Amino acid sequence: MQELHVTTEGLCEAWFDRLFVGVMCMEAVLQALDCYLCEGKIVLYRVCLSLLRQCEKDTDLMAATSSYEMREKAAKVAMAVSTPQFLIGNALSSDIGFEFTDDVTDLPEWFLVKQEQNRQGKAVVSNMFLEPPTPDNPSGLLSDEQFDQVWKWLPTRYKVLEPSLLFTTKKDGFNLHYLYELCAGHAPLILVAKSQDGHLFGAYVPERLSVYPEHYYGTGETFLFSISPVAAKYEWSPVPPTNSYFLLVEQSQLCIGGGDEGFGLSLDEELQHGSSHQCDTFHNRPLHCGVTPAFECVELEVLSIK
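Thresholds, definitions, all that
- Residues numbered from 1 in each chain as written.
- Predicted model: local features only at pLDDT ≥ 70, side-chain atom pairs only at ≥ 80, totals over all residues.
- Heavy atoms only, no water.
- Helix = DSSP H or I, 4+ residues; strand = E, 2+ residues; numbered from the N terminus.
- Buried < 20%, exposed > 50% of the residue type's maximum accessible area, 1.4 Å probe, protein only.
- Contact = heavy atoms within 4.5 Å.
- Salt bridge = Lys/Arg side-chain N within 4 Å of Asp/Glu carboxyl O.

Novice: Please clarify how the overall build of the protein should be interpreted in this entry.
Specialist: Per the secondary structure count, the protein includes nine helices and 13 strands. Out of the 306 residues in the protein, the part that is buried amounts to 44%. Once local pairs closer than 6 in sequence are excluded, the contacts in the protein between residues at least 24 apart make up 62%.

Novice: Is there a simple way to think about the pattern of salt bridges in this case?
Specialist: Any two side chains of opposite charge can pair, on the condition that their charged atoms come close. Taken as a whole, this structure holds two salt bridges when the rule is applied. In this structure, the salt-bridge partner of Asp148 is Lys152, at a minimum N-O distance of 3.3 Å. Within this pair, Asp148 and its partner Lys152 are both found in helix α7 (residues 144–152), separated by four residues, close to a single helical turn. Judged by relative accessible area, which is 22%, Asp148 ranks as partly exposed. Residue Lys152 is classed as partly exposed on the basis of its relative accessible area, which comes to 49%. Across the pair Lys233 and Glu235 runs a salt bridge whose closest N-O atoms are separated by 3.2 Å. Judged by relative accessible area, Lys233 falls into the partly exposed class, the value being 28%.

Structure below.
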């Protein structure tokens, strides 16, 4: 590509301008656009890079003797491979890795997540995943390193958005009702609690906090996590024993995860006392690494993502 003065930007410019219409079969185009409307421009880059990977494998294309010939052959390769099955298995899968060693500077800077130099000084992209960098840390409880870890656990579609601090007991006081008021209409949310012994843990809540007494709601994207002294993420799994006790929002308590032994994480009306049990929803270890499941909450934060 360098010898023919063809860059990835020039090769893909028409693809982006036309949103892949005429580049892929219409069924694949519609599927890609549907995902684009849900997850944003990151989907377009994922599709484009997946097509480029297929072009790299085509020996006939790589033998092109002119830039025009290379673009024509690249278009044919894109049309040939771009089926809905291809999109699901490649561009729209959770991971896509690339091993391009040329022209990577033409890609958006935040795509070069992991770049390293070999001992000979030749640049190699060893593992490039389509994730933007971690945004600025709005938390007063989490260090930058801890916030980066929590951010990596979020669903991919939210990583291109910005977090903000909605509620903190330092400023807003220890009042569950006021927390509900400030968080009204916001989702998803990240809750971070600090116990009396300095342990940090919390939950990711993809739903708005709406009071439904004695009624659980939510989705399987909800998860619990501990960040200090040990970093761990506890996801929902459909494998028995399990349940769908994701979120219980009441006037007197806020609970996430449940089962016969107790709640995965709960906070009382004053936000000063809580508990964390092993629960069937997330199969978690108690987040508070104390002698008993109960803990005293000395500080609490709620972050929103928008």
